[in-house]
Amino acid sequence: MAEADNTQHIDLNALEAMLESGVSRPVRRQLNSLSGADCAHLLTTLPQRQRNLLWPLIDEDLKPEVLAHLPEDIRQYYIAHMDADELAELIEELDTDDLADLLQELPKAITAQVLQSLEEEDRQRVEQVMAFEEDSAGGLMNTDVISVRPTHTLDVVLRYLRRFDELPPMTDSLMVINRQEDFIGVLPLSRILISDPELSVRELMDTDVEAIPVDMPSHEVAELFARDDLVSAPVVNEHGKLLGRITIDDAVDVMRDEADHSLLASVGLDEEEDTFAPARKAAKGRAVWLGINLITAFIASAVIGLFDATIEKVVALAILMPVVASMGGIAGSQTLTLIIRGMALGQINPGNASWLLRREVIVSLLNGVLWALVIAAVAVAWFKDPLIGVIIAAAIVINLLAASLAGALIPQLLKKMDIDPALAGGVILTTVTDVVGFMAFLGLATVFYA
């Protein structure tokens, strides 16, 4: 088996032959030398049959971390094949935020059993995180936080820290709270190490740190981490009391999930889509989207059918129709992608939306005129008919204008209707550009050739 950074080069046939022949010890040793994240990545690069051969070889103390890093679809497969006692024993060692995320995916009976098996303090932490929406700051946060009082000296803080076997992961600062547990600032670890031990926390702490409201949407949390280059950030309730913290690894997960969602939703796929899912399952998931697209294709075909008499007269129209639709589709997709990205980054608001719309219209006019002239020249040279050049040039300009308007307005309208623009925007845009393109091209041809 290859190293963690070369898992994509694993020979599946050789691996399967090795395991089925009983030579599992070297595989087990190398598998358990990986981190939980690398081991999970390895499993995602294999078809289900090979995953099932490797899973029993993973040490029990490594499996919780592997489960936490697996995509939901694959994780659910393994969870479904465990009994309640085995699962409870396995996952109770996870970090608070990972455990809370996992428990929200389980049946209520198993969730209750796992919570019952936890120590009182750990159970309260997990229940606190589970009380918040999964896609909010509260759902992302970890309650494993080290806090200090502003009146303590650094010497006291250092002696306090030495009582821990290890610090929570991604600890770059200590949280400073008062006796009422109100968040008042952070104390960077680097400042503790280089400052006079007799100085107080109050003298060295940062009070201008922006605490994250517990109900802030997760995508806004990720934007905040990206914008301010944060490693960790405190989470507070509406009264300013410290509840926990969010770390960069959780923010990166949100960024990756958002990117996956936008990419896959545009073609009707789930972001949890298993690359190596069985063919029947993959086909089932894609069939619905193909059916939706078939409906839009029939709409475009119906428009073409309205002008069948004109097409019979001028065969060149049938040859040139895809050019008009394709140019509109590309131009519209460019605008649509730009707008959806701007909305995801929080860059588009009512104050600048109209300016952006005007800009996109101007861009489409400039490109429309440029490429209309090029396409008209090619059409005239090809079919020796100046009129066909005029018709297709006009249709190109009209369709590019419609495409830019649709690409700019559709995402904003869908968002107001609480519909994901990444999921539905592409289908609607394709329908608009096809229908407008064919209608403009064939309609003008009918007028001029009648």
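Residues numbered from 1 in each chain as written. Predicted model: local features only at pLDDT ≥ 70, side-chain atom pairs only at ≥ 80, totals over all residues. Heavy atoms only, no water.

Caption draft 1: Local environment of the sheet that holds strand β1 (residues 147-148). Across the sheet, 3 strands lie side by side as β1-β2-β3; this open sheet has mixed pairing. In this open sheet, the two strands that pair with only one neighbour each are β1 and β3 (183-188). In this structure, β1 lies alongside strand β2 (residues 173-177), joined through 2 bridges in parallel fashion. Note on β2: the bridge partner recorded for Val 148 is Val 176. (Pairing = 2+ DSSP bridges. Helix = DSSP H or I, 4+ residues; strand = E, 2+ residues; numbered from the N terminus.)

Caption draft 2: Fine view of the layout of surface pockets. What the second largest pocket holds in volume is close to 1000 Å³. Elements represented by at least two residues in the lining of the second largest pocket include exactly α15 (218-228), α16 (248-265), α17 (279-305), α19 (315-344) and α22 (421-449). (1 Å grid on protein atoms, 1.4 Å probe; cavity = no way out; pocket = protein on both sides within 12 Å on 5 of 7 lines; lining within 4 Å. Points joined across faces, edges and corners; volume = space filled by probe spheres on them.)

Caption draft 3: Quick peek at the pairing of strand β5 (residues 232-236). Of all 5 residues making up β5, 5 are buried, and the element is well covered by its neighbours. Both strand β4 (residues 212-213) and β5 contribute to a ladder of 2 bridges, which runs parallel. Residue pairing across strands places Pro 213 opposite Val 236, the latter belonging to β5. Pairing geometry for β5 and strand β6 (residues 242-247), over 5 bridges, is antiparallel. Residue pairing for β6: Ala 233 is matched across the bridge by Ile 246. (Buried < 20%, exposed > 50% of the residue type's maximum accessible area, 1.4 Å probe, protein only.)

Caption draft 4: How the structure looks around the sheet that holds β5. Within the open sheet, the 3 strands sit side by side as β4-β5-β6. Their pairing is mixed. Each edge of the open sheet is held by one strand with a lone partner, namely β4 and β6.

Caption draft 5: Looking closely at unusual backbone geometry. Within the chain, Met 170 stands out as a residue other than glycine whose phi angle is a positive 65 degrees. Inspection of the secondary structure puts Met 170 in the loop between α12 (154-161) and β2. Owing to a relative accessible area of 39%, Met 170 belongs among the partly exposed residues under this scheme. Its identity is not glycine, yet Asp 229 carries a phi of approximately 55 degrees, on the positive side. On the secondary structure map, Asp 229 appears in the loop between α15 and β5.

Caption draft 6: View of the packing of helix α7 (residues 84-91) against helix α9 (residues 108-117). One way to put it is that α7 packs onto α9 with a least axis distance of 9 Å and a crossing angle of 50 degrees. Taken together, α7 and α9 sit at an angle that is classed as oblique. For the element pair α7 and α9, the recorded crossing hand is right-handed. Where α7 abuts α9, its residues Ala 84, Asp 85, Leu 87, Ala 88 and Ile 91 lie against Ile 110, Gln 113 and Val 114. Tallied by class, the residues present in the contact of α7 with α9 amount to 6 nonpolar, 1 polar and 1 charged. (Axes fitted to C-alpha atoms, helices over the stretch in contact; angles between N-to-C directions. Parallel < 35°, antiparallel > 145°, perpendicular 65-115°, else oblique. Left-handed = near helix turned anticlockwise from the far one by under 90°. Contact = heavy atoms within 4.5 Å. Nonpolar A, V, L, I, M, F, W, Y, C, P; charged D, E, K, R; others polar.)

Caption draft 7: Geometry of the nonpolar core. Counting 52 residues, the largest nonpolar core has Trp 55, Val 66, Leu 70, Ile 91, Ile 212 and Ile 246 as the members making the most contacts within it. If sequence neighbours within four positions are ignored, Ile 212 has contacts with Ala 137, Val 221, Leu 224, Phe 225, Ala 233, Pro 234, Val 235, Val 236 and Ile 246. With 29 residues, the next largest nonpolar core counts Val 303, Ala 331, Leu 400 and Ala 440 among its residues. (Core = buried A, V, L, I, M, F, W, Y, C linked by side-chain atoms within 4.5 Å.)

Caption draft 8: Just the packing of α19 against α22, in detail. Running from N to C, α19 and α22 point in directions that differ by 145 degrees, and their axes come no closer than 8 Å. As α19 packs across α22, the resulting crossing turns out to be right-handed. Residues Leu 317, Leu 320, Met 321, Val 324, Ala 325, Gly 328, Gly 329, Gly 332, Ser 333, Leu 336, Ile 340 and Met 343 of α19 lie in contact with α22, whose contacting residues are Pro 421, Ala 422, Gly 425, Gly 426, Leu 429, Thr 433, Asp 434, Gly 437, Phe 438, Phe 441, Leu 442 and Ala 445. Taken together, the residues that form the contact of α19 with α22 break down as 15 nonpolar, 8 polar and 1 charged.

Caption draft 9: Summary view of a nonpolar patch on the surface. Residues Val 315, Ile 319, Leu 370, Trp 371, Val 374, Val 378 and Trp 382 make up a contiguous nonpolar surface patch of about 660 Å² in total accessible area. Contributions of two or more residues to the nonpolar patch are made by α19 and α20 (350-383). Note that Val 315 resides in helix α19. Looking at Val 315, the relative accessible area reads 55%, which means it is exposed. (Patch = residues over 30% accessible without salt bridge, like charges linked within 9 Å, V, L, I, M, F, W, Y side chains within 5 Å. Areas by Shrake-Rupley, 256 points an atom, 1.4 Å probe, with all protein chains shown as cover. Salt bridge = Lys/Arg side-chain N within 4 Å of Asp/Glu carboxyl O.)

Caption draft 10: Fine view of the packing of aromatic side chains. For the structure shown, the criterion picks out 4 aromatic pairs. With 4.2 Å between their ring centres and 15 degrees between their planes, Trp 55 and Tyr 78 make a pair best called stacked. On the criterion of sequence distance, the pair formed by Trp 55 in the loop between α4 (48-54) and α5 (63-69) and Tyr 78 in helix α6 (residues 72-80) is long-range, its members being 23 residues apart. Neither Trp 55 nor Tyr 78 differs from the other in exposure class; each is buried. Pairing Tyr 77 with Tyr 78 gives two aromatic rings, centres 5.3 Å apart and planes at 80 degrees, and the pair type is edge-to-face. Three or more aromatic residues joined by ring pairs form one cluster here, namely Trp 55, Tyr 77 and Tyr 78. (Phe/Tyr/Trp six-rings, centres within 6.5 Å; stacked < 30°, edge-to-face > 60°.)

Caption draft 11: Local environment of empty space enclosed by the protein. Inspection of every chain in the model, using the stated rule, returns 1 cavity of 30 Å³ or more. Of the pockets and cavities examined, the largest cavity occupies roughly 50 Å³. As for the largest cavity, its lining consists of Asp 144, Val 145, Ile 146, Pro 168, Thr 171, Ser 173, Met 175 and Arg 245. Residue composition of the lining of the largest cavity, grouped by class: 4 nonpolar, 2 polar and 2 charged.

Caption draft 12: Representation of the pairing of β6. With respect to burial, β6 is a largely interior element, 6 of its 6 residues being buried. Taking the residues between adjacent antiparallel strands as the criterion, β5 and β6 are bridged by 5 residues, where Gly 240 takes a positive phi near 85 degrees.

Caption draft 13: Structural view of helix α3 (residues 36-44). Residues of α3 that are buried: Gly 36, Cys 39, Ala 40, Leu 42, Leu 43 and Thr 44. Buried residues in α3 make contact with α2 (25-31), α4, α5 and α6.

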